[in-house]
Amino acid sequence: MNRLRRTMLFVPGNSPGMIRDAHIYGSDSIMFDLEDSVALGEKDAARHLVYQALKTIDYGTIEKVVRVNPLNTVYGQDDIEAMVQAKVNVIRLPKTETPQDILDTEEIITSIEKKADMEIGSTKMMAAIESALGVVNAYSIAISSNRLVGIALGAEDYTASLKTTRSLDGVELFFARSQIVVAARAAGIDAIDTVFSNLNDMETFEKEIRLIKQLGFDGKSVINPRQIDVVHKIFAPTEKEIEKALRILSAMKEAEEKGSGVVNLDGKMIDKPVLLRAQRMIEMAVASGMYYPEDNEEE
Amino acid sequence: MKNYAGREIPDILLEKGKMSPYNPLITNGLKKKESLSSAERQRQSRKIVDSLEKAVALSGLQNGMTISFHHHFRDGDYVVNYVIDRLAEMGFKHLRLAASSLTNIHAPLIRHIQNHVIDSIETSGLRGELAEAISKGLMDVPVTFRSHGGRAYAISSDQLHIDVAFLGAPSCDPFGNANGYSRDTEDTSACGSMGYARVDANYADKVIILTDHIVPYPNIPFGISQYQVDYIVEIPEIGDKNKIMSGATRYTNNPRDLLIAQKAVDVIAASGYFYDGFSLQTGSGGAALATTRFLREKMIARNIKANFALGGITGQIVKLHEEGLIKKLLDVQSFDLDAAESLKNNRFHQQIDANYYADPFSEGSVVNELDVVVLSALEVDTGFNVNVLTGSDGIIRGAIGGHQDTAAGAAFSIVVAPLTRGRNSSILNHVNTLTTPGDTVDVVVTDQGIAVNPLRPEIIERMKKAHIPLSTIEELKEKAEKIVGIAEALPFEDQIVGIVTYRDGSILDVIRKIRNDH
Amino acid sequence: MDFLKKGLAGTLESGDIFIEIEKSELPGIHIDLQSKVKNQYGKQILLVITETLKEYGIDNVNVKAIDQGSLDCTIRARVTTAIYRGSGKNDYRWE
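Bear in mind the structure is a predicted one, so any value in this text is a computation, not a measurement.

Each value, and the rule that gives it
- Residues numbered from 1 in each chain as written.
- Chains lettered and ligands numbered in written order.
- Predicted model: local features only at pLDDT ≥ 70, side-chain atom pairs only at ≥ 80, totals over all residues.
- Heavy atoms only, no water.
- Contact = heavy atoms within 4.5 Å.
- Buried area = accessible area lost by both parts, 1.4 Å probe.
- Salt bridge = Lys/Arg side-chain N within 4 Å of Asp/Glu carboxyl O.
- Polar contact = N/O pair within 3.5 Å; in protein donor to acceptor, adjacent residues only side chain to side chain.
- Nonpolar A, V, L, I, M, F, W, Y, C, P; charged D, E, K, R; others polar.
- Helix = DSSP H or I, 4+ residues; strand = E, 2+ residues; numbered from the N terminus.
- 1 Å grid on protein atoms, 1.4 Å probe; cavity = no way out; pocket = protein on both sides within 12 Å on 5 of 7 lines; lining within 4 Å.
- Points joined across faces, edges and corners; volume = space filled by probe spheres on them.
- Phe/Tyr/Trp six-rings, centres within 6.5 Å; stacked < 30°, edge-to-face > 60°.
- Buried < 20%, exposed > 50% of the residue type's maximum accessible area, 1.4 Å probe, protein only.
- Lys NZ or Arg CZ within 6 Å of the ring centre and 35° of its normal.

Visitor: Report on the interface of chain C and chain A, specifying residues and quantitative values.
Guide: Tallying the contact residues gives 18 residues for chain C and 21 residues for chain A. A combined buried area of about 1700 Å² lies between chain C and chain A, and 55% of that area is made up of carbon and sulfur atoms. We note a salt bridge from A:Asp44 to C:Arg85, for which the minimum N-O separation is 2.8 Å. At the junction of chain C with chain A, the criterion picks out eight residue pairs in polar contact (both at pLDDT 80 or more). Split into classes, the residues belonging to the side of chain C that touches chain A amount to six nonpolar, six polar and six charged.

Structure representation (structure tokens):
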């Protein structure tokens, strides 16, 4: 089963109170941040803190991501080394502009994995694209490494690089969002949308989630636990969608049992992408607490 | 014989002194005696006494007697300190202080305890410096803690006899009709319901009302009626308006509280007690308050309305009432201004006293008619026992309140608590102080897991059916220990500083002195 | 490691621990611990601080610790940070 990445909860890396409870809110991933939320003078402290937390706290099956500082800062290399050693699931590289950024990071990760006797490639990567150049290069970034599980849009820096500002309907992000989804899909990885920072404007937040879901994104970075449920609710399939997906899957099962390569439902042939989408739909339904496979096993 | 009015009354009716012939000189008070206007008579009310000292003298208060107070003014209360300062000046000693509860603002009592003005205390709870001093051995006699229902029962059954009740009232007319608000002025330090004070007014030998708003007769509706009141004293201020109550109780944004609340609502919805016409009580803590809001969404989604809400009424509950989601409100204590306003304006928002609310032996006590109650806790143990009195450091910092009463009375009781607070676990092998017995607690909801009391197997089944993930209480305890470690035992000494009673007055537990090493 | 200056780390925020380490003239590790949970977790906090110092071969220091309900991993992180800051080194040991 593919990992769902509907929500990735940002957790400031130098805040012990937030780090200890990051996993209780039900986001699909936690992203510990060593970058923008940490003051320059505290980069070392945050690195030690997240390192110790990852080694000690049982975060369960939730995906653990760390946003490290870029390699062109004095912190980047130490961040990566500490986090790979602490067995983080995913290193998220900020401000990715070219495939080379990914390759440079990958090289460091590989050398640490070797040194630590870890399986090469066990540490995954995610790239945040936060500039016009990055958006233009989205596809070549997305296919640059097998470690990449997703690319994400970072809208603040991106809008600045476009010489514009954020608007409520996000019209200025339209191209970047579509480009990133298309690049991710073409590369077979996830597309994650940027954060929405006005916690008090839940209405616009919901609108934005509907938009990015429709565009094809897999999920969104969130800055507060209060945002998690809202995203999950909108990403959850409808009863109708679940029912249809279940019928498709049972038709598939039937075909398999007959040894037939062709799946038929109501006299219509079902294509592979439709099958895959149905499977995804059921995974989503299970994650959203709308479908319980064990309830339907008796038949 | 002929009576004073000249009518012939047969002697047989007057034999043995059973009845007497009409005589206006003897039946004084029944005869209209003069032609003063109503306003004039109000001005001349003999109940209004011009100083507290005079009222105390008239009340016959003696050393060693029991005096009582209510806690409707919470941290804004001036009455307790004002009265006891005066009593100390007047030279009173060895009094027993029976308050419905005491809070942070009552730290000045420490001095009066040291000077033996106050020898013993009965209360629902203690907080702040006073609580800390008592935990560290301030008093020779242990404090007796009672639940709100337990206190009402103790008073009404004369186990706790009150000699003089000193009751602060935001409004009172010249004959003693008093209330926690007034329809005659917006200007009072409103506290809404006076449910706890009404018990004292009903049963105390003498009742003195202290007020900063004498309003015209008749002060209706009244919480305390004139026939219960002996003296009225006007004082400049009965409390600090802003601390008696804030606007609406603040809605929490604490994500952990919201998470707990959401889980609690899921549990309620699956419990079998969430039906059209159900009844509920939710407290004023962050998570309990949020529960009310999430419950609202669930009620709308399932088209369920509540018959009544009880308690501690908050603005959140009032909102549901005004939306038509809760038919009636029974209010022993109004937690915020919105609740007080509603009590004043909403016809089906009824003030009730503490006996009506939670008396353990009174048929129809509202707690016994509750379906669902959501309660907070400082500590819970693997026997589902709850502590709401002492903190993780062993120092008193809470109140039993209606915890025991509602847990025992409601068909379904939920205790909410964060799994850990800072470095302390909320789930222990044994609570440091037992305030609510585990057999009255049905479910414990934490941010990191839900445990159903094995005494309620049908609830476990219902939760499973609704796909609510359950843990055992032991699993929750271990989960917390894995995060925070195992605490060392607290340094308690032998001296008993508090006696925790159950609703019927029996002794549930004792609180011991904590070593003073700071 | 030698302390060239006071090593400070952590904050007074809830869940954190403030650590200040400086060289001591007297041999041994001397810890002044302030904590609201001293009765319940004092020994454990002292143990974690001492163990972390010993991992870096440090023994002649005065440590001031102001705890706000921190967990062991936070204590270790703050002590380690203070050690590196006080010694002026950055040859971190990640393992």
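Additional details are given in the paragraphs that follow.
Visitor: Describe the side chain of B:Asn453, listing the residues and the values that go with them.
Guide: Residues and elements named next belong to chain B. Residue position: Asn453 is located in the loop between β25 (449–452) and α15 (457–465). For Asn453, the side chain forms a polar contact with the main-chain oxygen of Val441, separated by 2.8 Å. Once residues within four sequence positions are removed from consideration, Asn453 is found in contact with Phe384, Gly438, Asp439, Val441, Asp442 and Ile460.

Visitor: Tell me about empty space enclosed by the protein, and name the residues and values.
Guide: In total, this model carries one cavity of 30 Å³ or more according to the counting rule given. Here the largest cavity is characterised by a volume of approximately 40 Å³. Around the largest cavity, the lining residues are A:Pro16, A:Ile19, A:Arg20, A:Leu49, A:Ala53, A:Ile57, C:Cys73 and C:Thr74. Elements that contribute at least two residues to the lining of the largest cavity include exactly α1 (16–20) and α2 (43–56) of chain A together with α2 (72–87) of chain C. Here the lining of the largest cavity gets three residues from one element, more than from any other, and that element is α1(A).

Visitor: Can you explain the packing of aromatic side chains? Please cite residues and give values.
Guide: Ring pairs (aromatic) are described by centroid distance and by the angle formed between their planes. Taken as a whole and judged by the stated rule, the model has eleven aromatic pairs over all chains. Geometrically, the ring pair formed by A:Phe196 and A:Phe205 is tilted, given 5.4 Å between the ring centres and 40° between the ring planes. For the residue pair A:Phe196 and A:Phe205, the accessibility class agrees, reading buried in each case. Aromatic pair B:Tyr153 and B:Phe361: ring centres 4.7 Å apart, planes at 55°, arrangement tilted. Of this pair, B:Tyr153 sits in helix α6 (residues 148–156) while B:Phe361 sits in the loop between α13 (354–358) and β16 (372–376), and the two are 208 residues apart along the sequence. A residue is classified by how much of its surface remains accessible, and B:Tyr153, at 17% relative accessible area, is buried. The class of B:Phe361 is exposed, set by a relative accessible area of 56%. Among the aromatic residues, those joined into a ring-pair cluster are A:Tyr51, C:Tyr56, C:Tyr84, C:Tyr92 and C:Trp94. Lying across the ring of A:Tyr75, A:Lys43 places its NZ or CZ 5.7 Å from the centre. The residue whose ring lies beneath B:Arg86 is B:Tyr82, and the NZ or CZ to ring-centre distance is 4.7 Å.

Visitor: Explain the pattern of salt bridges to me, and be specific about the residues and the numbers.
Guide: Residues and elements named next belong to chain A. This model, assessed by the stated rule, comprises 51 salt bridges over all chains. Two residues, Arg5 and Asp190, come together in a salt bridge whose shortest N-O distance is 2.7 Å. Within this pair, whereas Arg5 is found in the segment before β1 (7–12), its partner Asp190 is found in strand β7 (residues 190–193), the two being separated by 185 residues in sequence. Here Arg5 and Asp190 have matching classes, each one buried. For Glu113, the salt bridge identified is with Arg147, shortest N-O distance 2.7 Å. In this pair, Glu113 sits in helix α4 (residues 99–115) while Arg147 sits in the loop between α6 (138–142) and β6 (148–153), placing the two residues 34 residues apart along the sequence. Here Glu113 falls in the buried class, since its relative accessible area comes to 0%. Linked by salt bridges that have partners in common, Glu156, Arg166, Glu172, Arg177, Asp193, Glu208 and Lys220 make up one network.

Treat this as a map of the structure, not an account of what it does.
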